[in-house]
Amino acid sequence: PALMSCPQVQRALLALTVPLEMLQAVKGRMLQAMRKGLSRQTHAQANVRMLPTYICSTPDGTEKGDLLVVELCQSHVRTLWVTLLGDGNQSPQVMYKIFDTPGDIMKGKGEALFDFIAQCVRQFLAGIGSPQHRLPLGFVFPFSCRQTRLDKAELISWSKGFSCSDVEGKDVVQLLQSAINKQELYHVDVVALMNDTVGTMMTCSMGGEPCEVALVVGEQRAPHVPGWWWGGGLRQCSPPLLPADTGTNSCFMAEAQQVEMAEETSGRMCVNTEWGCFGDDGTLSDVLTPYDQRVDQESSSPGEKRFEKLVGSLYLGEIVRHALTALAAEKALFIGSSVAVLRTKDVLKTQQVLEIIDNEEGMAKARGALEALGLRPSERDCCRVQQICRAVVSRAAALCAAGLAAILSHMCQSRELERLVVNVGVDGELYRGHTRFREILQSVTGLLAPECTATLLPSVDGTGQGAAMVTAVTLRLAAQRREVDQLLAPLRLSRTDLERVQVLMRREMELGLGRESNANASVRMLPTYVCGTPDGTERGEFLALDLGGTNFRVLVVRVAQDGIRMASEIYVIPTAIMQGTGEALFDHIIECIMDFQLKQDLMEQVLPLGFTFSFPCQQLGLDKAVLLSWTKGFSASGCVGQDVVHLLREAAQRKQHLGLKVVAVVNDTVGTMMSCGYDDPKCEIGLIVGTGTNACYMEEMQNVGTVEGEQGRMCINMEWGAFGDNGCLDDIFTDFDRLVDEKTINAGKQRFEKLISGMYLGEIVRHILLALVKKQLLFRGKPCPKLQNKDIFQTKFLSTIEIDGLALRQVRAILQDLELQASFEDSVLVREVCQTVSLRAAQICAAGLAAVVEKMRENRGLARLAVTVGVDGTLYKMHPRFSQHLQQMLRDLAPNCTVTFLQSEDGSGKGAALVAAVACRGAEPRGQPPLSPQ
């Protein structure tokens, strides 16, 4: 009631209360400011700097070893020796010593400051009789830096009373390392530099579950015992405290690709928001009260750090002082007392404000504090002062919550989660010393970010142990990186390796074309008797038959001036027929053709037919091909060694189907070239990269030793999948490739194909993942029974996992389907393995293709060749990166060729019909003038 009667106090309390809608708006503005800081374009203008810290992982509990930490504080240097036991970091052993910093050093030469820090390290190590083995050191440097690596950071500007010369713009890690070397401590390596906020996040990660956000509000207090102090884990004992920093800041694990100021693109990176400067551009003007404006004007940096001045513990006492001064002037407080004392800066400390808002002791503390200033407060004055103090602290907590909610919502959105569950490490006297602050922070965060469940954890010595954790994680990641690189090194091919593959492919091509050498070549270079590509004058109706697996297709293709129209039907070949007699198989095929012609009303016509037969054949003419062997589960008797066109014609006679005119047998690679050749007359190469891989191209007849005749060109079906079967690629094969090859039905055969094609890439990845698990580098080394199964890791997973911008949770989902519990780092590593394997496949494919285009260029005596490749195959079409990598490497290996890639639409169907059309074009007199090519 005493309060209700006073409109001035009501007005003051209202001004200091931020309603929920306004907090929502503040959260929205913070999100915008964060995005501005993350983007390369707008980073320079951003108030919330979002600085990359180059810390890409949180502790996983396996960290162990001895670590040194040096922390530069406002009035002292603290050195720590931390021993981690690899036991989940439950009980780190800690020893430390505190050295008071002489006043002149803070304002003297930079060199003197770093020499002093290095002397502290030397004295500390001498005192504990440290061993001479390599000692990694983490450096806590609580000033604004431009960091470009974990161990490289330039000081942007001094603050907190420091102003040493010759340091701004220089790399402080290098300055400290030089000073340490001067002390002849050559075994001490500065491996990481960090600020205090990051340390808070790291110490809260120590108990199993990772902590991915940290918040500092008010002073962080470091334990302080004069001289030495040792403890088996800082949790059990709390020595006297001494003040560290009094501002506010936050950090969180962001998706690395969003941190545009850093070059990292995969995984996560901790970002230091530097959010104290939020609002320096005026975005908080509608939250500021006249009291805040006065606090700002009297501060050492007017107009700067506006958010910090609303929530930082340095300023809360000052905000209360200005509110009390204004109320006294309005005669709402301290009537009859002289209030001149309230005009003195800093007479009311934040610590006192926090004591006053306590429910039990608060009124007595208020009276004590006010009387100490010489005021004579009434009961009502004490009550009103307590109200004002509560309003100021509650507002600080609510604004902090708006900032935290912005971070949580940002994380939830960028990870594409329905719900984010996360631990938040919190440090600072406002949080630790005050339950009301904690409760408001927790509840308002929940209201503003309802899609996130955040558990707030109090931090333990974030600056000391936290720095040790950062250092330990850095060392763990560096050691893992070395092992992963060593394991993947054989799969990472150099330019020289690829040039050698190109030379070998060229050599094998020459051998395959030679009449004498053909029998011993690994690349068969089979003549196809296809002697021309479409020129646009083809006209008419053609049938096509596509047999290459358990299904086959019959098509009718109409080629007219205005383009190509097609109709088709798919027929199944029952297993009994695939594995029965050849007669039954070809009878079945003819029955299906008759069924199709009947449905399409084509029974009366005799149409030329192109036959795509995707099994190994020796072609003796355009319409004559001898089957060399069945593959893909076929084993029909009486076919191997026979001409398949003859078998088809015999079946037609048996069935009395006389309207059949087979003009061409075509391999699917040739069909691919022909179907693209209709759209682009420059298309003289066909390439398939799918379940298998093969290529064909137009060769000069004079170079084809296996066929009579010197004039014109002929398409050569390379059958390049078998390249390397003679051992010429053995040094490119890795142990993983050998493991995959041994388990295939054709071990030692199709070696080139097994490096490139979709049928095998998933298996290569699976074997690499097993090796990483065995080396304890993946899935924490836990056994993965499902990964032992052949073909469980499908090649389509590679395509999905490598999609740009695919959130790593989707990678985790794929791995979870395989019963693999993947951490975030595991997902990053699996993605790297997939990228390595598919990049190698694309580059080796490019080396083969480079040999082909260079040979064509030389054949034709050209300085530059412009040619188009018709491509088909799921790997080429579906994989997000394969085609880019293939084209890039081809440009590098064949710089004198301009190669265009055209994706084929139905090479085996349309392509076969076009082979028939080109054959008929050559055989019949031309009735109409040629069309200009489209």
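Read on for a plain summary of the structure. Note that the structure is predicted; figures quoted are calculated from it, not measured. (Residues numbered from 1 in each chain as written. Predicted model: local features only at pLDDT ≥ 70, side-chain atom pairs only at ≥ 80, totals over all residues. Heavy atoms only, no water.)

Comments concerning helix H18 (residues 582–599)
In step 1: Between its terminal C-alpha atoms H18 stretches 26 Å, which fits the 26 Å expected from 18 residues at 1.5 Å a residue.
In step 2: Within the sequence span of H18, burial applies to Gly582, Leu585, Phe586, Asp587, His588, Ile589, Ile590, Cys592, Ile593, Phe596 and Gln597. (Helix = DSSP H or I, 4+ residues; strand = E, 2+ residues; numbered from the N terminus. Expected span 1.5 Å × (residues − 1). Buried < 20%, exposed > 50% of the residue type's maximum accessible area, 1.4 Å probe, protein only.)

Considerations on the pairing of strand E5 (residues 135–140)
In step 1: For E5, the buried fraction is high: six of the six residues fall into the buried class.
In step 2: Residue alternation in E5 divides its side chains into two sets, Leu135, Leu137 and Phe139 and Pro136, Gly138 and Val140, and both sets are buried.
In step 3: Pairing analysis gives four bridges linking strand E2 (residues 64–72) to E5, with the strands arranged parallel. From the neighbouring strand, valine 70 faces E5, where its bridge partner is phenylalanine 139.
In step 4: Bridge count between E5 and strand E8 (residues 188–194): six bridges; the pairing is parallel. (Pairing = 2+ DSSP bridges.)

Overview of the sheet that holds strand E19 (residues 551–560)
In a beta sheet, neighbouring strands are held together by backbone hydrogen bonds and run either parallel or antiparallel to one another.
In step 1: What the five strands build is an open sheet, ordered E20-E19-E18-E21-E24; its pairing is mixed. Among the strands making up the open sheet, the edge pair consists of strand E20 (563–572) and strand E24 (660–666). Within this sheet the neighbouring strands show an average axis-to-axis angle of 25 degrees, counted without direction.
In step 2: Against the sheet, H18 contacts strand E18 (540–547), E19, E20, strand E21 (607–613) and E24, and its axis sits at roughly 130 degrees relative to E20.
In step 3: Contacting E18, E21 and E24, helix H19 (residues 644–654) crosses the sheet at an angle of about 160 degrees to E24. (Axes fitted to C-alpha atoms, helices over the stretch in contact; angles between N-to-C directions. Contact = heavy atoms within 4.5 Å.)

A short note on the sheet that holds strand E26 (residues 693–700)
In step 1: The sheet built from six strands is open, its strands ordered E17-E27-E26-E25-E28-E29 with mixed pairing. This sheet does not close on itself; its edge strands, each paired only once, are strand E17 (526–527) and strand E29 (897–903).
In step 2: Inspection of the sheet shows strand E28 (residues 865–872) paired to E29 by seven bridges, in the parallel sense. Across the sheet, residue glycine 870 finds its bridge partner in E29, namely leucine 902.
In step 3: In this fold helix H20 (residues 668–679) packs onto strand E25 (683–689), E26, strand E27 (713–717), E28 and E29, with an angle of close to 130 degrees to the strand it touches most, E25.
In step 4: Seen against the sheet, helix H26 (residues 824–859) touches E25, E26, E28 and E29 and runs at an angle of roughly 165 degrees to E25.

What to know about the packing of helix H21 (residues 735–742) against helix H23 (residues 758–774)
For any two helices packed against each other, one specifies the crossing angle of their axes together with the interaxial distance.
In step 1: The geometry of H21 relative to H23 is characterised by a closest axis approach of 9 Å and an angle of 120 degrees between their N-to-C directions. Comparing the axis directions of H21 and H23 gives the class oblique. Viewed along their axes, H21 and H23 form a crossing whose handedness is right-handed. Contacts between H21 and H23 pair Phe736, Asp737, Leu739 and Val740 from the former with Tyr760, Glu763, Ile764, His767, Ile768 and Ala771 from the latter. (Parallel < 35°, antiparallel > 145°, perpendicular 65-115°, else oblique. Left-handed = near helix turned anticlockwise from the far one by under 90°.)

Looking at the state of the cysteines
In step 1: The tally for this structure, following the rule as stated, stands at zero disulfides.
In step 2: Distance from the sulfur of cysteine 56, which forms no disulfide, to the nearest cysteine sulfur (cysteine 270) is 9.2 Å. (Disulfide = S-S within 2.5 Å.)

Let's talk about the pattern of salt bridges
In step 1: This model, assessed by the stated rule, comprises 54 salt bridges.
In step 2: A salt bridge links arginine 149 to aspartate 151; the shortest N-O distance between them is 2.9 Å.
In step 3: A relative accessible area of 45% means that arginine 149 is categorised as partly exposed.
In step 4: Residue classification places aspartate 151 among the partly exposed positions, given a relative accessible area of 27%.
In step 5: Measuring nitrogen to oxygen at the nearest pair gives 3.0 Å for the salt bridge that ties aspartate 735 to arginine 738. With aspartate 735 and arginine 738 both in helix H21, this residue pair falls three residues apart, about one helical turn.
In step 6: Taken together, the salt bridges that share partners define one network made up of Glu212, Glu255, Arg268 and Arg415. (Salt bridge = Lys/Arg side-chain N within 4 Å of Asp/Glu carboxyl O.)

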